[in-house]
Amino acid sequence: MSEVLVLYYSRNGKVAQLARLIARGIEEVPGMQARLRSVPPVAPLTESAAPPVPDEGAPYVEKQDLRECAGLVMGSPTRFGNMAAPLKHFLDSTGAEWASGALVGKPAGVFTSTSTMHGGQESTLLSMMLPLIHHGMLIVGIPFTEAALNRTQSGGSPYGASHVAGINGENPISEDERTLARALGRRVAETCARLGGQ
């Protein structure tokens, strides 16, 4: 089985929910499996390192996950129209993987969640693509042939899967958002399978 790494940071759980939906989409493709990983939080002042295994949720990512994956789908909540610091902190530590070309030629997609409809979803998705392009990855989006992209009244973009959570996180993931998250996972996995000759 080839594995697609679903790497994310989630503060309030909505990005983690999207990650699980994306993983379901990946696993709808024969021969493909999802590997869920998260990144630890960061703080301006660190008194102690984060434990190597989180109390709940996906295990923390290791550099080996990048080398072993057939593709990557990366997610973060939006912070002022950009990815959250913990994900950026991890990406900033991948210089050796960049130099060795560990991710070159592998398919990648992105996903996010915001509190409001105009909270910077598309700029966050685009900003997450930039380091992936520097790594030589092949960006996979969601085409408008996905009917849910034409009818969604909340999240969803040709740049990647997304969710509008509401100011207090009160909005459940809509049916269209769920459909688009699974579609993104499926598209990345299908692209991996094609490139791998499956």
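Residues numbered from 1 in each chain as written. Predicted model: local features only at pLDDT ≥ 70, side-chain atom pairs only at ≥ 80, totals over all residues. Heavy atoms only, no water.

Trainee: Help me out: how do you make sense of the overall build of the protein in this one?
Mentor: Secondary structure assignment for the protein yields seven helices and seven strands. Reading the secondary structure of the protein in the N-to-C direction produces β-α-β-α-β-β-α-α-β-α-β-α-β-α. For a compact globule of 198 residues, the expected C-alpha radius of gyration is about 16 Å, and the protein comes in at 16 Å, within 12% of that figure. Seen through its C-alpha atoms, the protein measures out along the principal axes to roughly 45 × 40 × 30 Å. When burial is assessed residue by residue, the protein has 49% of its 198 residues classed as buried. The long-range share in the protein, meaning contacts at least 24 apart out of those at least 6 apart in sequence, stands at 76%. (Helix = DSSP H or I, 4+ residues; strand = E, 2+ residues; numbered from the N terminus. Rg over C-alpha atoms; globule rule 2.2 N^0.38 Å. Buried < 20%, exposed > 50% of the residue type's maximum accessible area, 1.4 Å probe, protein only. Contact = heavy atoms within 4.5 Å.)

Trainee: Explain the pattern of salt bridges here, please?
Mentor: Counted by the stated rule, this structure contains nine salt bridges. Put simply, arginine 67 and glutamate 97 hold a salt bridge, and the shortest N to O gap is 3.1 Å. Here glutamate 97 lies in helix H4 (residues 95–100) and arginine 67 lies in helix H2 (residues 63–68), a separation of 30 residues in the sequence. For arginine 67, a relative accessible area of 42% puts it in the partly exposed group. You can call glutamate 97 buried: its relative accessible area is 5%. Here the residues in one salt-bridge network are Glu3, Arg35, Arg37, Asp65 and Glu68, joined through shared partners. (Salt bridge = Lys/Arg side-chain N within 4 Å of Asp/Glu carboxyl O.)

Trainee: Even after reading the chapter, I still don't get the pairing of strand E2 (residues 32–38), so can you show me in this structure?
Mentor: Within a regular beta strand, the side chains point alternately toward one face of the sheet and then the other, so they alternate between its two faces. Counting buried residues in E2 gives five out of seven residues, a clear majority hidden from the surface. Here strand E1 (residues 2–8) pairs with E2 via seven bridges, running parallel. Opposite serine 2, over in E2, you have methionine 32 as the bridge partner. (Pairing = 2+ DSSP bridges.)

Trainee: Even after reading the chapter, I still don't get unusual backbone geometry, so can you show me in this structure?
Mentor: A negative phi holds for most residues other than glycine; trans holds for most peptide bonds. The phi dihedral of phenylalanine 80 is positive, around 55°, even though this residue is not glycine. Along the polypeptide, phenylalanine 80 turns up in the loop between strand E3 (71–79) and strand E4 (82–83). Given the relative accessible area of 89%, phenylalanine 80 is considered exposed.

Trainee: Explanation requested: the side chain of threonine 124 in the structure shown.
Mentor: Assignment of secondary structure puts threonine 124 in helix H5 (residues 121–134). Given the relative accessible area of 0%, threonine 124 is considered buried. Non-local contacts of threonine 124, meaning those with residues more than four positions away in its chain, are made with Ser76, Pro77, Thr78, Gly81, Asn82, Met83 and Thr112.

Trainee: Just to check I follow, could you spell out empty space enclosed by the protein for this structure?
Mentor: The method is simple in principle: a probe with the dimensions of a water molecule rolls over the atoms, and the space it marks as empty is what remains. What the rule picks out here adds up to one cavity of 30 Å³ or more. Taken together, Leu7, Leu66, Leu72, Met74, Phe90, Leu91, Thr94, Leu103 and His135 make up the full set of residues lining the largest cavity. Where the lining of the largest cavity is concerned, the elements lending two or more residues are E3 and helix H3 (85–92). Here the lining of the largest cavity is composed, by residue class, of seven nonpolar, two polar and no charged. (1 Å grid on protein atoms, 1.4 Å probe; cavity = no way out; pocket = protein on both sides within 12 Å on 5 of 7 lines; lining within 4 Å. Points joined across faces, edges and corners; volume = space filled by probe spheres on them. Nonpolar A, V, L, I, M, F, W, Y, C, P; charged D, E, K, R; others polar.)

Trainee: It is not clear to me how helix H1 (residues 14–27) should be interpreted in this structure. Could you clarify?
Mentor: Each full turn of the α-helix corresponds to 3.6 residues, which orients residues three or four apart in the same direction. Look at H1: 20 Å from first C-alpha to last across 14 residues, which is about the 20 Å you get at 1.5 Å a residue. A large share of H1 lies buried, amounting to 10 of its 14 residues. Buried within H1 are the following residues: Lys14, Val15, Ala16, Leu18, Ala19, Leu21, Ile22, Ala23, Gly25 and Ile26. Of the surrounding elements, those touching the buried residues of H1 are E1, E2, E3, strand E5 (107–114), strand E7 (161–164) and helix H7 (175–195). (Expected span 1.5 Å × (residues − 1).)

Trainee: I'm lost on H7 in this one. Help?
Mentor: A rise of 1.5 Å per residue sets the reference length of H7, with its 21 residues, at 30 Å; its end C-alpha atoms lie 30 Å apart and thus fit the reference within 8%. Residues of H7 that are buried include every one of Asp176, Glu177, Leu180, Ala181, Ala183, Leu184, Gly185, Val188, Ala189, Thr191, Cys192 and Ala193, and no others.

Trainee: Would you explain the nonpolar core in this entry?
Mentor: Soluble globular proteins tend to bury their nonpolar side chains together. Formed by 30 residues in total, the largest nonpolar core has its most connected members in Val4, Ile22, Ile26, Met32, Val73 and Phe111. Counting only elements with at least two residues in this core, the list comes to E1, H1, E2, helix H6 (147–151) and H7. At eight residues, H1 tops the list of elements feeding residues into this core. Filtering out sequence-adjacent residues up to four positions away, isoleucine 26 remains in contact with Val4, Val6, Met32, Gln33, Ala34, Val73, Gly185, Arg186 and Ala189. One finds Leu66, Met74, Leu87 and Ala108 within the second-largest nonpolar core, a separate group that totals 22 residues. (Core = buried A, V, L, I, M, F, W, Y, C linked by side-chain atoms within 4.5 Å.)

Read these as geometric descriptors, not functional statements.
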